[in-house]
Every structure is written in C-alpha cells, then in structure tokens.
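Spelled out from the first residue to the last, the chains are:
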Amino acid sequence: LPIASMTKLATLSVIFDKLNSGAISLTDTVSVSQNAADTEGSSAFLDAGSKYTVESLIKTIVVVSANDSCVAMAEHIFGSEELFVKQMNNLISKLNLHNTHFSDCTGLSSENNYSCAKDMATIYQSICNNQTYKKFSKIWMEDFVHPGGRITGLVNTNKLIKTYDGCDSGKTGHTNAAKYCLTASASRGGTTLISVIIGAEDSKSRFDQTKD
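Read on for a plain summary of the structure. (Residues numbered from 1 in each chain as written. Predicted model: local features only at pLDDT ≥ 70, side-chain atom pairs only at ≥ 80, totals over all residues. Heavy atoms only, no water.)

Evaluation of the coordinates by the stated rule reveals 7 salt bridges. Between aspartate 208 and lysine 204 there is a salt bridge; the shortest N-O distance is 2.6 Å. Note that aspartate 208 and lysine 204 are positioned in helix H9 (residues 203–211) at a spacing of 4 residues, about one turn of the helix. Residue classification places lysine 204 among the exposed positions, given a relative accessible area of 58%. Each of Lys204, Asp208 and Lys211 takes part in a single network of salt bridges with overlapping partners. (Salt bridge = Lys/Arg side-chain N within 4 Å of Asp/Glu carboxyl O. Helix = DSSP H or I, 4+ residues; strand = E, 2+ residues; numbered from the N terminus. Buried < 20%, exposed > 50% of the residue type's maximum accessible area, 1.4 Å probe, protein only.)

Right, here's the structure in full:
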C-alpha cells in the first residue's frame, strides 16, 4: 500500500547510517538548494541558499515531517534525491524486506512507493533506539530558528506524544492515495509495542486505532 510520509522512517535510517559511519556529522552545514526549498507538502520552510546544520534538519524531519529538509539532506549526502533513494532501497535489501519499494525520500509519490505494516515496523525498529531520533521524537512544540533569525513554529505531527501515556515516538503520513497512516510505539512496564496503521479514513481514526 502507499505509505505517504512514513517513507521518512527509511530516509532517517539512511541518514543515521551515514552518521554512524562518520561520513557526516550532526554539526556539518547543509546548503539548501532552490530545488529542496521548493519541495511541496509538509515543510520547515527552509530558506534557499541558507546553511543549516545536519542536526537541525533531522529535527524538522522527525518533528514536522519536513519534505524540504529530506531533499536537502538527500542532496547533501549523495548529490541528488535519486541517488539517495537508491540507498533507501539498498536498506530494504539489507533488512530482507520483500514488500517495500521507494521512489522518493518524502513519500509524496504514490507510484512505486509502497510498503506493508510488517515492513514498516521493521524499518522503524532500525531507528527507534537511535539517540538523535529519541531526542527529537518526543518534542511536542518548539521554535525553529532559521539562519537569518526568522522563526518557524514546530508542532509534532504525532499527537500521541502528548496524549498517550508511554508513547515513545512515531511517524505519521497522509496523501489522498495513502489516506491516513501512522507508525508508533509505546513502552510500559518494560514492554514496548509497535503499531502500524495504513489507510485509515481520517486522522482521528489512525490515532484511535493505534491506542486500541
């Protein structure tokens, strides 16, 4: 099924792999292209030509599902989104998943960009214990200061961070084709459970089904 912005779990996995290998660092600066700044959909409203740290762009991806930040990171690491997506699909091979394929790093496309609940849970497991991810995934609201001083308010797309006891993190998604999606986890009493919802009819349903 199409999975919309839950695609970004794989995007983050590739980014964290490059951080772990030392190919990039959190303090590296990323020059945002016009192409990245013009990316449609959910956004951190990045300024084309400005320089942001890798850490700040990861934060916007985790908290507000920023498409522009995804493309900026893809271009920074591999020079193009196309080459970055190849690495996303290499990740699928490494994880031995057979029902997933990516055609972009944002989830905007519904053509040849798909997965299933089991595969999404596996991809989520590959990043959920990453310390950088854990630090940002529980942010509910925060001001994001751009290099020029402009401020963009960040509000987490995963409402369960605020409303569900024990929710660790999660990644929402929505397009007309994918409808409403959510991968999320919660921990209580030493036990952690992962839930994946794909194709809910509305936003409330995906959160209610996850809690159930």
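Moving on from the model shown.
We now examine the sheet that holds strand S5 (residues 167–175). The 3 strands are arranged S5-S6-S7 in an open sheet whose pairing can be described as antiparallel. The two strands at the open ends of the sheet, each matched to only one other strand, are S5 and strand S7 (191–200). Across this sheet, the average inter-strand angle for adjacent strands is 5°, counted without regard to direction. As paired elements, strand S6 (residues 179–188) and S7 share 8 bridges and run antiparallel to each other. By the bridge assignment, alanine 184 is partnered in S7 with serine 195. (Pairing = 2+ DSSP bridges. Axes fitted to C-alpha atoms, helices over the stretch in contact; angles between N-to-C directions.)

Counting 55 residues, the largest nonpolar core has Ile15, Ile58 and Met73 as the members making the most contacts within it. If you list the elements that add at least two residues to this core, you get helix H1 (8–21), helix H2 (34–37), helix H3 (54–64), helix H4 (67–78), helix H5 (81–94), helix H6 (117–125), helix H7 (131–137) and S7. What methionine 73 contacts, discounting residues up to four positions off in sequence, is Ile15, Ile24, Val30, Val54, Leu57 and Ile61. Ranked by size, the runner-up nonpolar core spans 6 residues in total, among them Ile161, Leu182, Ala184 and Phe207. (Core = buried A, V, L, I, M, F, W, Y, C linked by side-chain atoms within 4.5 Å. Contact = heavy atoms within 4.5 Å.)

As a further point, take the side chain of threonine 7. The residue threonine 7 is located in the segment before H1 in this model. The contact partners of threonine 7, leaving out residues within four places of it in the chain, are Met88, Phe102, Asp104, Cys105, Thr106, Gly107 and Asn113.

It is worth spelling out the layout of surface pockets at this point. Any empty space left between the atoms is revealed when a probe the size of a water molecule rolls over them. As a volume, the largest pocket reaches approximately 240 Å³. Going through the elements one at a time, S6, S7 and H9 are the ones with two or more residues in the lining of the largest pocket. Considered class by class, the residues forming the lining of the largest pocket number 7 nonpolar, 5 polar and 3 charged. The volume enclosed by the second largest pocket comes to roughly 200 Å³. Within the residue set of the lining of the second largest pocket, elements represented by two or more residues are H6, H7, S5, S6 and S7. Here the lining of the second largest pocket takes 3 residues from H7, the largest share from any one element. Each residue belonging to the lining of the second largest pocket can be placed in one class, and the counts come to 4 nonpolar, 7 polar and 3 charged. (1 Å grid on protein atoms, 1.4 Å probe; cavity = no way out; pocket = protein on both sides within 12 Å on 5 of 7 lines; lining within 4 Å. Points joined across faces, edges and corners; volume = space filled by probe spheres on them. Nonpolar A, V, L, I, M, F, W, Y, C, P; charged D, E, K, R; others polar.)

Here we take up H1. Here H1 is 14 residues long and its end C-alpha atoms lie 20 Å apart, about the 20 Å a rise of 1.5 Å per residue gives. Here H1 lies mainly inside the structure; 10 of its 14 residues are buried. Glycine 22 sits one or two residues past H1 and shows a positive phi near 85°. (Expected span 1.5 Å × (residues − 1).)

To continue, consider the environment of threonine 60. Topologically, threonine 60 is positioned in helix H3. Exposure remark for threonine 60: the relative accessible area of 0% places this residue in the buried category. Expressed as a C-alpha distance, the spacing of threonine 60 and leucine 154, which sit 94 residues apart in the sequence, is 7.5 Å. Excluding anything up to four places from it in sequence, threonine 60 contacts Ala44, Ser65, Ala66, Ser69, Phe144 and Leu154. Among the polar contacts made by the side chain of threonine 60, one reaches the main-chain carbonyl oxygen of leucine 57 at a distance of 2.8 Å. Of the polar contacts made by the side chain of threonine 60, one reaches the side chain of serine 69; its length is 2.6 Å. (Polar contact = N/O pair within 3.5 Å; in protein donor to acceptor, adjacent residues only side chain to side chain.)

Function cannot be inferred from these measures alone, as they are strictly geometric.
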